[in-house]
Amino acid sequence: MSQMTLDTLSHLRDPLLFKWHVISLFAFVVYIYAVEIERKNWDLVLAGLVVWGMDTFLEIINALFLYFSKFSAVWMEIGPTSYQIFIGLNIETYFMFAVMGIVFGKMLPKDKNRKILGLPNRWFFIVINSLFCVFIEVLLNHMGVLVWNYHWWNFPNVWLIILFGYAPYFLGAYYIIDLPSMKNKICLVSALWFIDLIALAVLLPLGVI
């Protein structure tokens, strides 16, 4: 394994890293959801949950990549944290992903047929938001707190990060928002989290992730 992989694994899910500001971050996430629930903005609540669930799924896949490669995960978050959940995800970032679907969902025009710069507005925001998020990741990588050990998932080869790292988040969130049936929305989000929870229940005790 790479040295950075070993360093990150050394404090994976270490309770001694816990800092009390985690409680404040959690309260912030709860507040964001409470506001949207109070306003009955169920589409935004479900958009938030779908991005949160998709991020959990991708982090499981990333951890499995490390398990089978025996060298490095595709991405790794290193440096100070209040809790390292997975090899590529700390709790601060996880709480950010928890509200990301809500935040970016608020940007959408109510008219889904409206075009921006000649593009359907959903696709416009998928592209713009994905580029913005990858730009932030490039900065984090430059700072040395987000590690990419593979040339195909590294600057300047960031297209895979755009296509598979962020575009699916926004595509999933906007699809849920535009889906006509509330029943189908709830079923899809529930299915995603069911897969996540089953994977965690099986893989965590085995020490695979």
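Below, the structure is looked at part by part. (Residues numbered from 1 in each chain as written. Predicted model: local features only at pLDDT ≥ 70, side-chain atom pairs only at ≥ 80, totals over all residues. Heavy atoms only, no water.)

**Quick word on the side chain of Thr5**
The topology assignment puts Thr5 in helix 1 (residues 3-9). Within the structure, the side chain of Thr5 is placed 2.6 Å from the side chain of Ser2, a separation counted as a polar contact. Ignoring anything within four residues of it in the chain, the contact list for Thr5 reads Leu66, Phe71, Ser72, Met76, Ile87 and Asn149. (Helix = DSSP H or I, 4+ residues; strand = E, 2+ residues; numbered from the N terminus. Polar contact = N/O pair within 3.5 Å; in protein donor to acceptor, adjacent residues only side chain to side chain. Contact = heavy atoms within 4.5 Å.)

**Regarding the pattern of salt bridges**
It is possible for side chains of opposite charge to pair when their charged atoms get near one another. Scanning the model with the defined rule gives three salt bridges in all. Across the salt bridge formed by Glu36 and Lys106, the nearest N and O atoms sit 2.9 Å from each other. Pair noted here: Glu36 is in helix 2 (residues 21-38) and Lys106 is in the loop between helix 4 (91-105) and strand 4 (115-116), with a separation of 70 residues, a long-range link. Note on Glu36: relative accessible area 3%, which makes it buried. In this structure Lys106 comes out as partly exposed when scored by relative accessible area, which is 45%. (Salt bridge = Lys/Arg side-chain N within 4 Å of Asp/Glu carboxyl O. Buried < 20%, exposed > 50% of the residue type's maximum accessible area, 1.4 Å probe, protein only.)

**Some remarks on the side chain of Lys185**
With respect to the helices and strands, the residue Lys185 is situated in helix 7 (residues 182-206). A polar contact is formed between the side chain of Lys185 and the backbone oxygen of Ile176, at a distance of 3.2 Å. Once you skip the residues sitting within four places of it in the chain, Lys185 turns out to touch Asp43, Leu46, Ile176, Ile177 and Leu179.

**A word on the packing of aromatic side chains**
Going through the model one piece at a time under the given rule, you end up with 17 aromatic pairs. Plain terms: the ring middles of Phe18 and Trp20 are 5.3 Å apart, the flat faces sit at 80 degrees to each other, and that makes the pair edge-to-face. For Trp20, a relative accessible area of 69% gives the class exposed. A centroid spacing of 5.5 Å and a plane angle of 70 degrees characterise the contact between Phe97 and Tyr169, whose relative ring orientation is edge-to-face. Placement of Phe97 in helix 4 and of Tyr169 in helix 6 (residues 159-178) is noted, with a sequence separation of 72 residues between them. For the pair Phe97 and Tyr169, a shared accessibility class is recorded, and that class is buried. (Phe/Tyr/Trp six-rings, centres within 6.5 Å; stacked < 30°, edge-to-face > 60°.)

**Quick word on the nonpolar core**
The biggest cluster of nonpolar side chains holds 64 residues, and the ones touching the most others in it are Val50, Ile60, Met100, Tyr166, Phe170, Tyr174 and Ile209. Every element with two or more residues in this core is listed here: helix 2, helix 3 (42-69), strand 2 (84-86), helix 4, helix 5 (121-143), strand 6 (146-147), helix 6 and helix 7. Top contributing element to this core by residue count: helix 3, with 12 residues. Ignoring anything within four residues of it in the chain, the contact list for Phe170 reads Met100, Phe104, Ile126, Asn129, Ser130 and Cys133. (Core = buried A, V, L, I, M, F, W, Y, C linked by side-chain atoms within 4.5 Å.)

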